[in-house]
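# Notes for the structure review
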Amino acid sequence: MTLSESELERYSRQLVLPEWSGEAQERLKSATAIVVGAGALGSPAATYLVAAGVGHLGIVDEDVVELSNLHRQPLHFTPDVGRQKAENAALKLGVLNPDVQVDPYPVRLDEQNAPAIVMGADVVVDCSDSFATRYAVNDACCAQRVPLVEAGVLGFDGLVLSIKPGESACYRCAFLTEPPAGSVPSCREAGVLGATAGIVGSIQALEAIKLITGVGEPLVDRILQLDARGMEQTIVSTTRRADCPACGRLTAAPQSA
Amino acid sequence: MQTAIDLTGVACPMNWVKTKLALERLAPGDELAVRLDPGEPIESVPRSAREDGHEVAVEGDVVTIVRR
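Source: prediction; values computed, not measured. (Residues numbered from 1 in each chain as written. Chains lettered and ligands numbered in written order. Predicted model: local features only at pLDDT ≥ 70, side-chain atom pairs only at ≥ 80, totals over all residues.)

### What to know about the interface of chain A and chain B
The interface of chain A with chain B comprises 9 residues on the first partner and 9 residues on the second. Within the residue set of the side of chain A that touches chain B, elements represented by two or more residues are helix H1 (5-10), helix H2 (12-15) and helix H3 (22-29) of chain A. Of the residues in the side of chain A that touches chain B, the class split is 4 nonpolar, 3 polar and 2 charged. (Contact = placed C-beta atoms within 7 Å. Helix = DSSP H or I, 4+ residues; strand = E, 2+ residues; numbered from the N terminus. Nonpolar A, V, L, I, M, F, W, Y, C, P; charged D, E, K, R; others polar.)

### Comments concerning the packing of H3(A) against helix H10 (residues 194-213) of chain A
Residue and element names in this part refer to chain A. With their axes 9 Å apart at the nearest point, H3 and H10 run at an angle of 105 degrees to one another. As far as their axial angle goes, H10 and H3 are roughly perpendicular. Where H3 approaches H10, its residues Ala24, Arg27 and Leu28 are matched on the opposing element by Ile209, Ile212 and Thr213. Class assignment for the residues of the contact of H3 with H10 results in 4 nonpolar, 1 polar and 1 charged. (Axes fitted to C-alpha atoms, helices over the stretch in contact; angles between N-to-C directions. Parallel < 35°, antiparallel > 145°, perpendicular 65-115°, else oblique.)

### Focus on the nonpolar core
Residue and element names in this part refer to chain A. Ranked by internal contacts, the top residues of the largest apolar core, which has 86 residues, are Ala33, Val35, Ala46, Leu57, Ile59 and Val124. For this core, the leading source of residues is H10, giving 9 residues. If near-sequence neighbours (up to four positions away) are discounted, Val35 is found in contact with Gly42, Ala45, Ala46, Leu57, Ile59, Val60, Val125 and Cys127. (Core = buried A, V, L, I, M, F, W, Y, C linked by C-beta atoms within 7 Å. Buried ≥ 20, exposed ≤ 12 C-beta atoms within 10 Å, placed from the backbone.)

### Points about the environment of Phe131(A)
Residue and element names in this part refer to chain A. For Phe131, the position within the fold is in helix H7 (residues 131-144). C-alpha of Phe131 to C-alpha of Val184: the two residues are 53 residues apart in sequence and 9.7 Å apart in space. In this structure, Phe131 is in contact with Glu178 and Pro179, ignoring residues within four places of it in sequence.

### Quick look at the confidence of the model for chain B
All names here are of chain B. Averaged over all residues, the pLDDT of chain B is 96; the fraction at 70 or higher stands at 100%. Confidence scores differ between elements of chain B, with strand S1 (residues 2-6) showing the lowest mean pLDDT of 95 and strand S2 (residues 31-35) the highest of 98. Of the two predicted TM-score estimates for the complex, the pTM is 0.94 and the ipTM is 0.91. (pLDDT = per-residue confidence, 0-100.)

### Things to note about H10(A)
All names here are of chain A. With 20 residues, H10 should reach 28 Å at 1.5 Å per residue; the first-to-last C-alpha distance of 28 Å fits that figure. For H10, a buried count of 15 out of 20 residues is recorded, marking the element as mostly surrounded by other parts of the structure. Positioned one or two residues after H10, Gly214 has a phi angle of 80 degrees, which is positive. (Expected span 1.5 Å × (residues − 1).)

Right, here's the structure in full:
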């Protein structure tokens, strides 16, 4: 796979990085990323992945754009209110970088469709807003050994965990069971400042790029906790559970690349 | 083995991008001779190459880089 003249120019400010290379850029170009959610986390995550030159991006969201989304979901603009979110996001991302193939999935990811959606992906970026979706994404990625970037944001707090199924702790290893319904306020009830979600979604994009290219060290077996009130970041170690229902049976044997 | 590329008329940082990608295609120990414009290009491309750990020699408007 070679890079065109316009690609060299578009990506020149990352190609000059000592940690980056033409090879890393080509790996990114040949990769498929699935972003689950085209909202507060998905907007920055998908934007930076497409801008950086991922070859193929699928974006999953069943909702329509609402006025109350716009303060935290910068892929959606005021005239987009009422439009299908995945399709609107794909439209914007296609304008940002026409070299990327962007496919909208205007569906709600659930246990039934998750395996088909993540199949063949090189990385999945979970930008969903519910625990049920998060566990469905995690379980599907574990079953197919698809690397995954999990994250959540609530109020001024965020967390990020990257997962290499079979090699590092999955979301279920770290958080075995879903919190009881009603015990955690949803984003809709609790509120969030868009910029806080922007930080977390940007970290997700960077983690996905690391997982795809092998550049840098992703947050595997390490949970990043962000408290944006004082901008304090804490890394908490986590490890695989031998009895994890999602990944416990996977061996560490690496798959051929 | 020596490969030569002419990057006169190519501004910073594209000249370094092209040099770096050309180096990636070479084997360790191979030489790349790069012709560059005077001024910023001939000053900054050798510096970037040294920072990446390559051996660099400058003679006139040609930079010779030994891939590390």
